[in-house]
Amino acid sequence: MASISEWYVGKNVLITGATGFMGRVLVEKLLRSCPDVNALYILVRTKAGQSMSERVQDMMKCKLFDRVREDNPDFHQKIIPISSELTQPGLAISPEDVQTLTSCINIVFHCAATIRFDEPLKHALQLNVIATLQLLSLAQQMQHLQAFIHISTAYANCNRRHIDEVIYPLPVEPKKLIDSLEWMDDSIVRDITPRLIGDRPNTYTYTKALAECVVQQESGKLNIGIIRPSIVGASWQEPFPGWIDNFNGPSGVFIAAGKGILRTMRASNDAVADLIPVDVVINLTLAAGWYTAVHRPKTALVYNCTTGGINPFHWGEIEHHVMSTFKRNPLEQAFRRPNANITSNYLIYQYWILVNLTTLYLHDLFYCFTIHTHTHTHRRTNHTSILTVCGRNCAELILVIFQTFNFDVRQLNWPEYIENYCIGTKKYVLNEDMSDIPAARQHLRKLRNIRYTFNTVLLVFIWRVFIARSQMARNIWYFVVSLCFKFLSYFRASSTLT
Ligand SMILES: CCCCCCCCCCCCCCCCCCCC(=O)SCCNC(=O)CCNC(=O)[C@H](O)C(C)(C)COP(=O)(O)OP(=O)(O)OC[C@H]1O[C@@H](n2cnc3c(N)ncnc32)[C@H](O)[C@@H]1OP(=O)(O)O
Ligand SMILES: NC(=O)C1=CN([C@@H]2O[C@H](COP(=O)(O)OP(=O)(O)OC[C@H]3O[C@@H](n4cnc5c(N)ncnc54)[C@H](OP(=O)(O)O)[C@@H]3O)[C@@H](O)[C@H]2O)C=CC1
């Protein structure tokens, strides 16, 4: 049997969502570990005033591609951008491009999605479900297609306590839902959204579950694999440790805590965090693509790609390592010293919110409203991983995989991973230089001195107010002061004697 890299030799790969976090890592890994892949066709839209080619050029300049660039400076020749807006009919792909794709593509990786939790249902449905349907329809026309890999999420079924590697049916027929929502006014859709999503927390998880169902229903003769990653974090090993380029999921939380803006979160310290490094997800995705193409399973194979079941790590432990890393490697211009904590106690949480909001307002007052960074940080995040996600297919695949596509998370050393993750947010998300760390440490010392001074002034102020009103407090105050004087004179006397 051919190895994974060998299988990709000469293959034409179609990728949606290639400009996103996971898509970029997928493109990089394919180019680096499967250098003889024929071409990567990537569906890209114009965005924020940038044309498709400008976006792709920018993407290839990214530091993520440094290793590939070193190995093959002409790697860009393998990337073929195809103009596409996934929310449009026919994915807005030109007839010529459809012709090209249907005649040459061997494997499809469908990564594109809206991952916003608060997306209006109609839009989430359009992108996460209808676009998936359209892509499947295009895939059905592909003459040489050997595998279709759909990226889902482990939280598509987060309303269940135990999640197996199967596609769970939904109470609603996805196509009927699409037809009904099409004619409905946005305000009506907004009103019925809570009823539709039921016990799922948001439109994201709901539409990802619908997408799984349509992938199953519309698979026809396609060989399908579904990857369900949990919370995707920075890279563990590849192309280098700590690669991260966005504020999604925990990354924004780490940064807010490192900057000293986020001081408390309501969550359970003992809940399993279920982070999964992005390179692990991508290695599994590529391995699943190869396995699906070679073994042609009769029904879609689902891979739960998580760490909680085999190498669990808890939010409390993450808090400890995040704080410790940012104290040793501070972020530049921190607002306060990093000192965040997770609590499940409502009253303690509310107390810290009050204290921290007061500090924020004082700070804003002090800087005359020049700092605008601390919205969103006290959103209640009661994310507790209470799911059991079963990953047998993943474990079986590990047995047949080689070092180049490592996704065996049993070897993951969490403290080291979290340290690299935090440093990754500093270097690649915030673009901060590691050589500035001494200055950042100096800044933290300054903040600590400000805090000590502020606390002392506050204490003295409170005492003064108190003393002015109570005889007993005055007596205590004089007693403490005279005790201090006695100690001082004792030490002075003993030092003159020796
Ligand atoms: C206490 C010490 C630390 C201890 C560690 C504890 C860590 C706990 C971490 C818990 C994290 C739990 C994460 C759970 C994840 C569940 C798993 C699901 C995984 C997946 O399958 S999908 C990936 C996850 N998806 C996301 O993370 C997307 C989340 N984002 C959103 O849903 C919305 O953007 C959000 C946050 C609701 C904000 O919406 P809104 O208020 O409407 O604001 P805007 O979107 O308009 O944005 C305003 C402004 O901010 C910028 N912004 C917003 N989000 C991002 C982002 N992710 N990255 C960068 N910038 C962002 C946006 O561009 C706007 O800027 P402008 O300049 O344009 O105004
Ligand atoms: N990140 C995570 O923690 C997890 C992610 N997942 C899944 O992994 C996949 C990738 O997620 P991730 O990389 O983090 O997400 P990103 O938001 O980083 O990337 C999303 C991609 O989808 C593309 N896209 C969005 N809307 C459109 C559109 N209308 N037309 C064309 N392309 C579009 C984006 O293109 P553009 O650059 O033009 O916006 C981008 O390339 C998703 O399916 C997600 O559900 C699953 C579990 C966890």
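On a predicted model such as this, the values are computed, not experimentally measured, just so you know. (Residues numbered from 1 in each chain as written. Chains lettered and ligands numbered in written order. Predicted model: local features only at pLDDT ≥ 70, side-chain atom pairs only at ≥ 80, totals over all residues. Heavy atoms only, no water.)

Draft legend 1. Representation of the overall build of the chain in the model. Within the chain, the regular secondary structure consists of 17 helices and 13 strands. With respect to the three principal axes, the spread of C-alpha positions in the chain is 95 × 55 × 45 Å. Looking at the chain as a whole, 51% of its 498 residues qualify as buried. Nonlocal contacts in the chain, meaning residues at least 24 apart in sequence, comprise 84% of its contacts between residues at least 6 apart. Total accessible area on the chain stands at roughly 24800 Å², and carbon and sulfur atoms take up 57% of it. Where the 49 positive side-chain charges of the chain centre and where its 41 negative ones centre are 11 Å apart. (Helix = DSSP H or I, 4+ residues; strand = E, 2+ residues; numbered from the N terminus. Buried < 20%, exposed > 50% of the residue type's maximum accessible area, 1.4 Å probe, protein only. Contact = heavy atoms within 4.5 Å. Areas by Shrake-Rupley, 256 points an atom, 1.4 Å probe, with all protein chains shown as cover. Lys, Arg positive; Asp, Glu negative; His and termini not counted. Charge placed at Lys NZ, Arg CZ, Asp CG, Glu CD.)

Draft legend 2. Representation of the nonpolar core. In this structure, Y8 and V27 are the most contacted members of the largest nonpolar core, which totals 90 residues. It is helix α11 (residues 278-295) that contributes the most residues to this core, ten residues altogether. Beyond its immediate chain neighbours, meaning those up to four positions away, V27 contacts I15, A18, L40, I42, M59, F65 and I79. Counting residues in each nonpolar core, the second largest holds 46 residues, with L125, A139, A209 and V302 among its members. (Core = buried A, V, L, I, M, F, W, Y, C linked by side-chain atoms within 4.5 Å.)

Draft legend 3. Region of interest: the sheet that holds strand β7 (residues 224-229). The strand order across the open sheet formed by seven strands is β3-β2-β1-β4-β5-β7-β11, and the pairing between neighbours is parallel. Each end of this open sheet is capped by a strand with a single partner; those strands are β3 (79-83) and β11 (301-305). Strand-to-strand twist of the sheet, defined as the mean angle between neighbouring strand axes without regard to direction, takes the value 20°. With five bridges joining them, β7 and β11 adopt parallel strand pairing. When the sheet's bridge partners are listed, R228 is paired in β11 with N304. Of the strands in this sheet, β2 (39-44) and β3 touch helix α3 (residues 52-61), which is tilted by about 145° from β3. (Pairing = 2+ DSSP bridges. Axes fitted to C-alpha atoms, helices over the stretch in contact; angles between N-to-C directions.)

Draft legend 4. Representation of a nonpolar patch on the surface. The grouping of M472, I476, F479, V480, L483, F487, Y490 and F491 at the surface amounts to a nonpolar patch, some 870 Å² of accessible area in total. Its place among the elements puts I476 in helix α17 (residues 471-497). Since its relative accessible area comes to 40%, I476 is described here as partly exposed. (Patch = residues over 30% accessible without salt bridge, like charges linked within 9 Å, V, L, I, M, F, W, Y side chains within 5 Å. Salt bridge = Lys/Arg side-chain N within 4 Å of Asp/Glu carboxyl O.)

Draft legend 5. Representation of the site of ligand 1. In the neighbourhood of ligand 1, 21 residues make up the surrounding shell, with R116, F117, Y204, N248 and G249 lying closest. I115 has a polar backbone atom sitting 3.2 Å from a nitrogen atom of ligand 1. A distance of 3.3 Å separates an oxygen atom of ligand 1 from a polar side-chain atom of T153. For ligand 1, the accessible surface in isolation is 1400 Å², of which the surrounding protein chains cover 65%. For the shell around ligand 1, the elements supplying multiple residues, two or more each, are α10 (250-258) and α12 (315-328). The greatest single-element share of the shell around ligand 1, amounting to three residues, is contributed by α10. The class makeup of the residues in the shell around ligand 1 is 13 nonpolar, four polar and four charged. (Near = heavy atom within 4 Å. Polar contact = N/O pair within 3.5 Å; in protein donor to acceptor, adjacent residues only side chain to side chain. Nonpolar A, V, L, I, M, F, W, Y, C, P; charged D, E, K, R; others polar.)

Draft legend 6. Molecular detail of the pairing of strand β5 (residues 147-151). Most of β5 is tucked away: five of the five residues are buried. The two faces of β5 match: A147, I149 and I151 on one face and F148 and H150 on the other face are all buried. The pairing of strand β4 (residues 107-110) with β5 spans four bridges and is classified as parallel. Counterpart to F109 in the pairing with β5 is I149. Following the backbone out of β4, through helix α6 (residues 121-140) and into the adjacent parallel β5, one traces a crossover that is right-handed. As paired strands, β5 and β7 are joined by four bridges and run parallel to one another. (Right-handed = clockwise from strand over helix to strand, strands pointing away.)

Draft legend 7. Quick peek at the site of ligand 2. Within the structure, ligand 2 sits among 25 residues, and T19, R45, R55, E85 and Y204 are positioned closest to it. E85 places a polar side-chain atom, nitrogen or oxygen, 2.6 Å from a nitrogen atom of ligand 2. Taking 890 Å² as the accessible area of ligand 2 by itself, protein coverage stands at 89%.

Draft legend 8. Up close: the packing of aromatic side chains. Evaluated as defined, the whole model comprises 13 aromatic pairs. Geometrically, the ring pair formed by F65 and F75 is stacked, given 5.6 Å between the ring centres and 10° between the ring planes. Separated by ten residues along the polypeptide, F65 in the loop between α3 and α4 (66-71) and F75 in the loop between α4 and β3 bring together distant segments of the chain. Looking at F65, the relative accessible area reads 0%, which means it is buried. A centroid spacing of 5.3 Å and a plane angle of 45° characterise the contact between W243 and Y428, whose relative ring orientation is tilted. Of the two residues, W243 is situated in the loop between β8 (231-233) and α10 and Y428 in helix α15 (residues 414-429); the sequence distance between them amounts to 185 residues. An aromatic cluster of three or more residues is present, and its members are F254, F313, W414, Y417 and Y421. Seen from the ring of F405, K29 lies directly overhead, with NZ or CZ sitting 4.7 Å from the centre. The ring of Y168 carries R160 above its face, with NZ or CZ at 3.8 Å from the centroid. (Phe/Tyr/Trp six-rings, centres within 6.5 Å; stacked < 30°, edge-to-face > 60°. Lys NZ or Arg CZ within 6 Å of the ring centre and 35° of its normal.)

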